[in-house]
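# Architecture and fold: a report
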Amino acid sequence: MTLSPGLRKFALTAHITSAVGWLGAVVAFLALGVVGLTSEDARTVRGVYLAMEPTAWFVLVPLAFASLLTGLVQALGTAWGLFRHYWVLFKLLITLFATIVLLTYMETFSVMADTAADPNAELAAVRSASPALHAALALLALLVAAVLAVYKPRGMTAYGRRRHARPR
Amino acid sequence: MDHEGPAGTHRWVKVFGAAVLVVLLLFVVLLVARGPDGHGPGRHSLGSGSPHSTLSP
């Protein structure tokens, strides 16, 4: 299945927008994580961990799925395919892995928000290095995916080579 | 990035594949090590133990 040129551009725009949006949202989470660790103001620290859970549900998760789905459309709707080129395959693995880790991590956001909302919880218990650590790793993974998408390094999978050699 | 190995696989693919395997293995090890309670914030928190362990009485 190959998309028409107009539809292909629309799908590409949607994919770039969601992938870059996800990257930007992760940078924002990294900033929040650092503020949560370093701020001296108790209300700011609690506010950071309280804001993370809804922001993740309403921003990170939708952008992750949008990036994954538009990437699948982009691969399957063009000559690149999903399993023909190593760079596409690795990018899919990175996006899939990051999305799974994010969904697994949502429970952690919930626990941190509950702790931050508890007025009896000490500030040391509210603070956590986990979001900053995960955001930094996610940022690295998404940057690698972006580099793969831009440079498109050569290399076809065995399946891709077979498809390429097959007479049409 | 375009150097091809003897088997026809590019060098960057081998390096990347190895890195992906290491990360996946690490993830599985962390998942197994965390036990039934999940990959909670206590694992990376500044306080000791679970986040609720330092609650005031």
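Residues numbered from 1 in each chain as written. Chains lettered and ligands numbered in written order. Predicted model: local features only at pLDDT ≥ 70, side-chain atom pairs only at ≥ 80, totals over all residues. Heavy atoms only, no water.

## Brief notes about the overall build of chain B
- Looking only at helices and strands, chain B features 1 helix and 0 strands.
- The 57 residues of chain B split such that 23% are buried.
- Of the accessible surface of chain B, which amounts to about 3900 Å², a share of 69% is contributed by carbon and sulfur atoms. (Helix = DSSP H or I, 4+ residues; strand = E, 2+ residues; numbered from the N terminus. Buried < 20%, exposed > 50% of the residue type's maximum accessible area, 1.4 Å probe, protein only. Areas by Shrake-Rupley, 256 points an atom, 1.4 Å probe, with all protein chains shown as cover.)

## Points about the packing of helix α1 (residues 5–38) of chain A against helix α3 (residues 86–117) of chain A
Residues and elements named next belong to chain A.
- Contact pair α1 / α3: the axes reach a minimum separation of 14 Å and the direction vectors enclose 45 degrees. Of the possible angle classes, the one that applies to α1 and α3 is oblique. When you trace α1 past α3, the crossing you get is left-handed. Counted together, His15, Trp22 and Phe29 of α1 and Lys91, Thr95, Ala98, Thr99 and Phe109 of α3 form the full contact between these two elements.
- Classifying every residue of the contact of α1 with α3 gives 4 nonpolar, 3 polar and 1 charged. (Axes fitted to C-alpha atoms, helices over the stretch in contact; angles between N-to-C directions. Parallel < 35°, antiparallel > 145°, perpendicular 65-115°, else oblique. Left-handed = near helix turned anticlockwise from the far one by under 90°. Contact = heavy atoms within 4.5 Å. Nonpolar A, V, L, I, M, F, W, Y, C, P; charged D, E, K, R; others polar.)

## What about the packing of aromatic side chains?
- Considering all chains together, one arrives at 8 aromatic pairs over all chains under this definition.
- Ring plane angle 80 degrees and centroid distance 5.2 Å describe the contact between Trp80(A) and Trp87(A), whose orientation is recorded as edge-to-face.
- Feature note: the residues Tyr86(A), Phe90(A), Trp12(B) and Phe16(B) constitute an aromatic cluster, connected by ring pairs. (Phe/Tyr/Trp six-rings, centres within 6.5 Å; stacked < 30°, edge-to-face > 60°.)

## What to know about the confidence of the model for chain A
- Averaged over every residue, the pLDDT of chain A is 95; residues scoring 70 or more account for 99%.
- At the low end of the mean pLDDT range in chain A sits helix α6 (residues 158–165) of chain A, at 89; at the high end sits helix α2 (residues 42–76) of chain A, at 97. (pLDDT = per-residue confidence, 0-100.)

## Considerations on helix α5 (residues 130–151) of chain A
- With 22 residues, α5(A) should reach 32 Å at 1.5 Å per residue; the first-to-last C-alpha distance of 32 Å fits that figure.
- Inspection of α5(A) places Ser130(A), Pro131(A), Ala132(A), His134(A), Ala135(A), Leu139(A), Leu142(A), Ala145(A) and Leu148(A) among the buried residues, and these make up the whole buried set. (Expected span 1.5 Å × (residues − 1).)

## A look at the nonpolar core
- Counting 25 residues, the largest nonpolar core has Trp22(A), Val26(A), Phe29(A), Tyr49(A), Leu60(A) and Phe109(A) as the members making the most contacts within it.
- The set of elements that each furnish at least two residues to this core consists of α1, α2, α3 and α5 of chain A.
- If one sorts the elements of this core by residue count, α2(A) sits on top with 8 residues.
- Other than its neighbours up to four places away in sequence, Tyr49(A) contacts Gly33(A), Gly36(A), Leu37(A), Met112(A), Ala113(A), Ala116(A), Val126(A), Arg127(A), Ser128(A) and Pro131(A).
- Core analysis: the second largest hydrophobic core is formed by 15 residues, Tyr86(A), Phe90(A), Val13(B) and Val20(B) among them. (Core = buried A, V, L, I, M, F, W, Y, C linked by side-chain atoms within 4.5 Å.)

## Notes on the side chain of Ser39(A)
Residue and element names in this part refer to chain A.
- Turning to its location among the elements, Ser39 is positioned in the loop between α1 and α2.
- A polar side-chain atom of Ser39 sits 3.2 Å from the main-chain amide nitrogen of Asp41.
- Those residues within four positions of Ser39 in sequence are excluded, and the remaining contacts are Thr44, Val45 and Arg127. (Polar contact = N/O pair within 3.5 Å; in protein donor to acceptor, adjacent residues only side chain to side chain.)

## So, the environment of Ala42(A)
- Secondary-structure assignment places Ala42(A) in helix α2.
- Sequence separation between Ala42(A) and Arg127(A) is 85 residues, and the spatial gap between their C-alpha atoms is 9.9 Å.

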